[in-house]
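Fold and geometry: a report
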Amino acid sequence: YAFSIFPLKISDFGAALLVMVFTLMIGSPLTQLVYESAMTNPELTISGGVTREEISNVDDFIQAGATTWAIILLTVIAAPLVEEILFRGWMLPMLMARGVPTIFAIIITSIGFALIHISQSLFVVIATFFLALALGTARVMTGRIAAPVLGHMANNAWALFAVPALLEMQAG
């Protein structure tokens, strides 16, 4: 039951929708605030910041010869499934079963989740931490990983398609 994805329930879609609302309405502004605070102190960063072009690495995949379908398969389907099974399907319940209070288990798994994205940038690490808090909460609320998987897929689709388009519109 802990790894239950199918059959999908209405509550899974509802929780995934709440993850996206949290990410867009709360997580994104918090990410921007934390990131801008970190950028004012160069000692807090390794690389000194990130440019608009570095926020989305889709262009790197395309230049390396990846097809659009391969990018979608890896980013929107495979990565969310693997990461959610690892972090919200295995690690989160394991910590809770060993007596770690739920809120701390969610925070610990969120830190781990954020750190596996460290190669992308500080901005992405901060954003994925806030996303992971919402995904962990959805997992605990529903008792299943379907909602975090759906929320993670929606987030990655948003990052893959909407964010580059919005950045392009903002620049032009």
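This text goes with the structure placed above it.
In what follows, the accompanying structure is described. (Residues numbered from 1 in each chain as written. Predicted model: local features only at pLDDT ≥ 70, side-chain atom pairs only at ≥ 80, totals over all residues. Heavy atoms only, no water.)

**Digging into the overall build of the protein**
- When helices and strands are counted, the protein shows seven helices and zero strands.
- Within the protein, the fraction of its 172 residues that count as buried is 37%.
- Intrachain contacts of the protein at a sequence separation of at least 6 include 73% that bridge at least 24 residues.
- Split by element, the accessible area of the protein, about 9,800 Å² in all, is 72% carbon and sulfur. (Helix = DSSP H or I, 4+ residues; strand = E, 2+ residues; numbered from the N terminus. Buried < 20%, exposed > 50% of the residue type's maximum accessible area, 1.4 Å probe, protein only. Contact = heavy atoms within 4.5 Å. Areas by Shrake-Rupley, 256 points an atom, 1.4 Å probe, with all protein chains shown as cover.)

**Points about the packing of aromatic side chains**
- Summed over the entire model, instances satisfying the criterion amount to two aromatic pairs.
- Geometrically, the ring pair formed by Phe-129 and Phe-130 is edge-to-face, given 5.6 Å between the ring centres and 65 degrees between the ring planes.
- Relative accessible area serves as the criterion here: at 22%, Phe-129 is assigned to the partly exposed category.
- Its end group placed over the ring of Phe-113, Arg-88 keeps NZ or CZ at 4.6 Å from the ring centre. (Phe/Tyr/Trp six-rings, centres within 6.5 Å; stacked < 30°, edge-to-face > 60°. Lys NZ or Arg CZ within 6 Å of the ring centre and 35° of its normal.)

**Re the packing of helix 5 (residues 102-115) against helix 6 (residues 122-142)**
- It is at 8 Å that the axes of helix 5 and helix 6 come closest, and there the two elements cross at 140 degrees. With respect to helix 6, the axis of helix 5 lies oblique. Relative to helix 6, helix 5 is oriented so that their crossing is right-handed. Of helix 6, the residues touching helix 5 (which contributes Thr-102, Ile-106, Ile-107, Ser-110, Ile-111, Phe-113 and Ala-114) are Val-125, Thr-128, Phe-129, Leu-131, Ala-132, Leu-133, Gly-136, Thr-137 and Val-140.
- Residue composition of the contact of helix 5 with helix 6, by class: eleven nonpolar, five polar and no charged. (Axes fitted to C-alpha atoms, helices over the stretch in contact; angles between N-to-C directions. Parallel < 35°, antiparallel > 145°, perpendicular 65-115°, else oblique. Left-handed = near helix turned anticlockwise from the far one by under 90°. Nonpolar A, V, L, I, M, F, W, Y, C, P; charged D, E, K, R; others polar.)

**Topic: helix 5**
- Its 14 residues place the ends of helix 5 20 Å apart at the C-alpha level, agreeing with the 20 Å of an ideal helix rising 1.5 Å per residue.
- Every buried residue of helix 5 is listed here: Ala-105, Ile-106, Thr-109, Ser-110, Phe-113 and Ala-114. Looking straight down helix 5, one finds its buried side chains confined to an arc of 165 degrees; they lie on one side. (Expected span 1.5 Å × (residues − 1). Arc of directions from axis to C-beta.)

**Considering the pattern of salt bridges**
- On inspection of all chains with the given rule, the structure shows two salt bridges.
- Among the ionic pairs, Arg-88 bridges to Glu-84, the shortest N-O distance being 2.7 Å. Of this pair, Arg-88 and Glu-84 both sit in helix 4 (residues 68-97), separated by four residues, roughly a single helical turn.
- In this structure Arg-88 comes out as buried when scored by relative accessible area, which is 0%. (Salt bridge = Lys/Arg side-chain N within 4 Å of Asp/Glu carboxyl O.)

**Quick word on a nonpolar patch on the surface**
- On the surface, a nonpolar cluster with roughly 960 Å² of combined accessible area is contributed by Leu-17, Val-21, Leu-24, Met-25, Ile-26, Leu-30, Leu-33, Trp-158, Leu-166 and Met-169.
- Listing elements by their share of the nonpolar patch, those giving two or more residues are helix 1 (10-39) and helix 7 (146-171).
- Top contributing element to the nonpolar patch by residue count: helix 1, with seven residues.
- By the secondary structure assignment, Leu-166 is in helix 7.
- Given the relative accessible area of 41%, Leu-166 is considered partly exposed. (Patch = residues over 30% accessible without salt bridge, like charges linked within 9 Å, V, L, I, M, F, W, Y side chains within 5 Å.)

**Thoughts on the packing of helix 4 against helix 5**
- Put simply, helix 4 and helix 5 touch, their axes get as near as 9 Å, and they point 145 degrees apart. Considering only the axes of helix 4 and helix 5, their crossing is right-handed. Between helix 4 and helix 5, the contacting residues are Glu-83, Glu-84, Phe-87, Arg-88, Met-91, Leu-92, Leu-95 and Met-96 on the first element and Thr-102, Ala-105, Ile-106, Ile-108, Thr-109, Gly-112 and Phe-113 on the second.
- Along the lines of polarity and charge, the residues of the contact of helix 4 with helix 5 split into nine nonpolar, three polar and three charged.

Function cannot be inferred from these measures alone, as they are strictly geometric.
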